Amino acid sequence: MHESAPAPRPAPRTAWAPRHRGLKLAHHLVPAFVVIAVLLGLGAASVAAGKPLLAAPMAALAFGVGRAVLHEFRRGEDWAAPTGADVETSSGPRAATWFPSSPVSLAGGAVTVGVAVVTVVGAIATEAKTVLLGDGGARVLTATAAAGLLVVGFLVLREGLRMLRLAASGQAPGVYLTRSRIVVVDRRGHHEAYWKDVVSVVARDPRGRKPLGDRGPALIEVHTRASEAGRRTRPLIVDVQELDADPGLLLRTLGHYAAHAADRPELGTEKALSRLDSPTP
């Protein structure tokens, strides 16, 4: 006799503060400003020391960090409203209720890849020049710095390629709720979880992932039951930092439909949007 799956636990009413902008956000970005200043300073020092190969990746990284800061300043204070949309799933297109995330453009992905390429090429060229022509302690220090830049460059390149893949997919990023499943579309790809497998929906703030400002937990996790083979399944993760919709509303909505199977057929219809407009979806 098979044991039935435990009923999903409804999501707690976690509060997220609205996003800040302008001067309200500035003090949370001081570390970013410091990073930009340090990178530009290192670039200038590299030019003064006759090492222009190091200056190029430093300037490129400073530009990339600055662009990320400007993106945060441009965020609005209001959450984007959920709406109806179609989503491509593993079994074809489905009507869904869509909680949008920050859009990704081909231009943004191309700029990120460009910054990464400049960084990687500059790091490799510096490393090669140091190995061939360097000497003494300066050789070790420069080679170590170039190796660090190389790692950073590859990380930025990976992120840029993810952005390009998402922008080229034609599917707007966000969380899509269909009558049968939850679909998360983000830079890490398309991920699905069936409502029937959901065990719990939780908000979590793992160490080192505190969002900018006082916004609440960094992640929303949808945990599913183990597979029939007994293997643990990875939770479906929503990165709040990328979400344009109200994460509190998303958390409550996920909890509601996980616990109330009879209401799931309304997802992707105006009835679901009407429910979301009520104080307790």
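This report concerns the structure included in the present document. (Residues numbered from 1 in each chain as written. Predicted model: local features only at pLDDT ≥ 70, side-chain atom pairs only at ≥ 80, totals over all residues. Heavy atoms only, no water.)

## A few points about the pattern of salt bridges
For clarity, the cut-off: Each salt bridge in this description consists of a side-chain nitrogen of Lys or Arg and a carboxyl oxygen of Asp or Glu lying within 4 Å of one another. Note on exposure labels: buried denotes an accessible area under 20% of the residue type's maximum, exposed denotes more than 50%, and partly exposed covers the range between, all computed with a 1.4 Å probe on protein chains only.
Applying the stated criterion across every chain yields a total of 10 salt bridges. Here lysine 196 and aspartate 197 are joined by a salt bridge, their closest N and O atoms 3.6 Å apart. A residue is classified by how much of its surface remains accessible, and lysine 196, at 55% relative accessible area, is exposed. Salt bridges sharing partners connect three or more residues here, namely Glu159, Arg162 and Arg187.

## Details of a nonpolar patch on the surface
Inclusion rule: In this analysis, a patch consists of residues with relative accessible area above 30% that form no salt bridge, clustered at 9 Å for like charges and at 5 Å for the nonpolar side chains Val, Leu, Ile, Met, Phe, Trp and Tyr. Using a 1.4 Å probe, accessible areas were evaluated by the Shrake-Rupley method; residue-level cover was limited to the displayed protein chains. Note on conventions: DSSP H or I runs of at least 4 residues are helices, E runs of at least 2 residues are strands, and numbering of each starts at the N terminus.
Together, Val30, Phe33, Val34, Val38 and Leu42 line one region of the surface with nonpolar side chains, adding up to about 400 Å² of accessible area. In this fold, valine 34 is placed in helix α2 (residues 30–48).

## Quick notes on the sheet that holds strand β8 (residues 236–239)
To be explicit about the condition: A pair of strands is treated as paired once DSSP finds two or more bridges between them. Here the axes come from fitting lines to C-alpha atoms, over the contacting stretch only for helices, and the angles between their N-to-C directions go from 0 to 180 degrees. We call two residues in contact when some of their heavy atoms are within 4.5 Å.
Pairing is antiparallel in the open sheet, where three strands are placed in the order β6-β7-β8. Each having just a single partner strand, β6 (198–204) and β8 make up the two edges of the open sheet. Along the sheet, successive strands turn relative to each other by an average axial angle of 15 degrees, direction set aside. Pairing analysis gives four bridges linking strand β7 (residues 219–224) to β8, with the strands arranged antiparallel. Paired with valine 222 across the strands is leucine 236, a residue of β8. Here helix α6 (residues 247–259) sits on the sheet and contacts β6, β7 and β8; the angle it forms with β6, its principal contact strand, is near 165 degrees.

## Some words on the environment of valine 222
Note that valine 222 resides in strand β7. Judged by its relative accessible area of 1%, valine 222 is buried.

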